[in-house]
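# Secondary and tertiary structure notes
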Amino acid sequence: MKTLNDFNFKNKKALIRVDFNVPLDANFNVTDATRIQAAKPTIIKILEDGGSCILMSHLGRPKGVQDEFSLQHIVDKVEDIIGVETTFVSNCIGEEAEAAAAKLEPGKILILENLRFHEEESKGDVAFAEKLAKLGDIYVNDAFGTAHRAHASTTIIAQFFPENKCFGSLLEQEIKSIDKVMKTGEKPVLAVLGGAKVSSKITIIENILDKVDHLIIGGGMTFTFIKAQGGSVGDSICEDDKMDLALDILKQAKAKNVQIHLPVDVLAANAFSNDADTQVIDVTKIPDGWQGLDAGPKSKAMFHDVVMQCKTILWNGPLGVFEMETFANGTIELGNSIAEATKNGAFSLVGGGDSVAAVKQFGFEHKVSYVSTGGGAMLESLEGKTLPGIAAILE
Ligand SMILES: Nc1ncnc2c1ncn2[C@@H]1O[C@H](COP(=O)(O)OP(=O)(O)OP(=O)(O)O)[C@@H](O)[C@H]1O
Ligand SMILES: O=C(O)[C@H](O)COP(=O)(O)O
């Protein structure tokens, strides 16, 4: 596995695929710069070696050239965060980009315009990848968030740098964190899977059963498992067509000696609303007209005990409808438990769009071992897939 430390970047132009797909507000200000911060160590290492950085990224899913998706909007933020003079070129390929790259001095940064302004990027076009490749001497992939896309700049381009390609330090850290859970984690290993639907997590659950000792299933997924075992779930979110699968998962878990922990009580509401009437109720006895929207007190205490026993913890998906204050407590308490276990020496990894949002919202970001910068890429990794962006560097 080639990393930044395998190269000296002195007088070299590093062509770095970053994932600067960051959220912008109506005035095009960056509202969450985590992904830019996360790319900083790679950029600094290259600049300190005496090299220069050509940063390429996508932003959003534009249809052709659309100003709202221009990477121009993030140039000032990058300059602020990295603290180095940064220039921008309004096309990622062609004469202008080639001229800007050619005159880029060591210690400086150049940002290319949104790669997805060319449809060839998402199509994984080889000729487009070759044009990008002309711009740099060494290709560095540091875009974990986009490593599940076999796009020109994330995957195809690597073939033009047979010797001169490597992982950036963010991508390296993401790979190592996932490996710590999936391959080398100290036992007991726990996965907490929450979120809305069983259907979106099936492949993850099936893959993870071979890796973990404990599995907490929470959030909206709970009710498919409870109903499948004969419980009454009232109006809770439930996928009837996945009940057989839920039973099969329970069977597989037993055969593999994985302890499954489902909520035993829930905070139920008479409407999907922050102001609804609520009651704590046995998870198997939810009446019609009521829906479980958060974990109940017994479940939270039970989950705390499980978390505290484990040395390696993966968390994907909230335990309740955390976006509404009334139903955020299960997710917050789980975060607290994971933070405490981490303080006691456990390794904890949080990944997936909503769980990362919850961790940031409730201030757990620096109390867990690692928060992934990938949404879809993280989920595909947990499904056991080899991500094309990673494979292309290893080949
Ligand atoms: N009991 C519940 N009933 C209905 N919705 C719920 C329940 N518990 C959690 N949710 C919802 O599940 C959603 C998150 O589900 P999702 O599967 O997308 O999570 P994730 O894995 O963290 O994120 P992603 O899949 O985007 O990476 C949240 O919006 C939350 O409100
Ligand atoms: O935000 C993400 O998950 C990545 O930047 C990938 O974006 P995409 O789903 O548009 O490919």
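Preceding this section is the structure that the text describes.
Predicted, not measured: the structure shown is a model, and the values here were computed from it.

A few words on the overall build of the chain. Counting its regular elements, the chain contains 14 helices and 17 strands. Taken against the 2.2 N^0.38 rule, which gives 21 Å for 395 residues, the C-alpha radius of gyration of the chain at 23 Å falls within 12% of a compact globule. On the principal axes, the C-alpha backbone points of the chain span a range of 70 × 40 × 35 Å. In the chain, which comprises 395 residues, the share counted as buried stands at 56%. In the chain, 73% of the contacts between residues at least 6 apart in sequence involve partners at least 24 apart. Accessible surface for the chain amounts to roughly 16500 Å². Of this, 47% is attributable to carbon and sulfur atoms. Taking the 39 positively charged and 54 negatively charged side chains of the chain as two groups, their mean positions are separated by 5 Å.

A few words on the sheet that holds strand S14 (residues 291-295). Taken in spatial order, the three strands line up as S12-S11-S14 in an open sheet, and their pairing is antiparallel. Bordering the open sheet on either side are strand S12 (278-282) and S14, each of which pairs with just one other strand. Here the strands of the sheet are splayed against their neighbours by 45° on average, with no regard to which way each runs. With four bridges joining them, strand S11 (residues 265-269) and S14 adopt antiparallel strand pairing. The partner of Ala269 across the bridge, within S14, is Gln291.

Around ligand 1 sit 20 residues in total, of which Lys201, Glu323, Gly353, Asp354 and Ser355 are the nearest. The backbone of Gly220 places a nitrogen or oxygen atom 3.2 Å from a nitrogen atom of ligand 1. For ligand 1, an oxygen atom lies 3.0 Å from a polar atom in the side chain of Asp354. Structurally, ligand 1 is housed in the second largest pocket. Residue assignment for the shell around ligand 1 shows that the elements contributing at least two residues are S14 and helix H12 (353-361). Element by element, the count of residues in the shell around ligand 1 is highest for H12, at three residues. For the shell around ligand 1, a count of residues per class yields seven nonpolar, 10 polar and three charged.

A separate point is the sheet that holds strand S2 (residues 52-56). Strand order in the open sheet made by the six strands is S3-S4-S2-S1-S5-S6, with parallel pairing throughout. Each of the sheet's edge strands pairs with one partner strand only, and the pair in question is strand S3 (86-89) and strand S6 (165-167). Between one strand axis and the next, the sheet turns by 25° as a mean value, whatever way the strands run. Where S2 lies against strand S4 (residues 109-112), three bridges are found, and the strand directions are parallel. Looking at S4, one finds that Leu55 is bridged to Ile111. Sheet contacts for helix H3 (residues 95-102): strand S1 (13-17), S2, S3 and S4; angle to S3, the most-contacted strand, approximately 160°.

What counts and how
Residues numbered from 1 in each chain as written. Chains lettered and ligands numbered in written order. Predicted model: local features only at pLDDT ≥ 70, side-chain atom pairs only at ≥ 80, totals over all residues. Heavy atoms only, no water. Helix = DSSP H or I, 4+ residues; strand = E, 2+ residues; numbered from the N terminus. Rg over C-alpha atoms; globule rule 2.2 N^0.38 Å. Buried < 20%, exposed > 50% of the residue type's maximum accessible area, 1.4 Å probe, protein only. Contact = heavy atoms within 4.5 Å. Areas by Shrake-Rupley, 256 points an atom, 1.4 Å probe, with all protein chains shown as cover. Lys, Arg positive; Asp, Glu negative; His and termini not counted. Charge placed at Lys NZ, Arg CZ, Asp CG, Glu CD. Pairing = 2+ DSSP bridges. Axes fitted to C-alpha atoms, helices over the stretch in contact; angles between N-to-C directions. Near = heavy atom within 4 Å. Polar contact = N/O pair within 3.5 Å; in protein donor to acceptor, adjacent residues only side chain to side chain. 1 Å grid on protein atoms, 1.4 Å probe; cavity = no way out; pocket = protein on both sides within 12 Å on 5 of 7 lines; lining within 4 Å. Sits in = over half its atoms within 2 Å of the grid points. Nonpolar A, V, L, I, M, F, W, Y, C, P; charged D, E, K, R; others polar.

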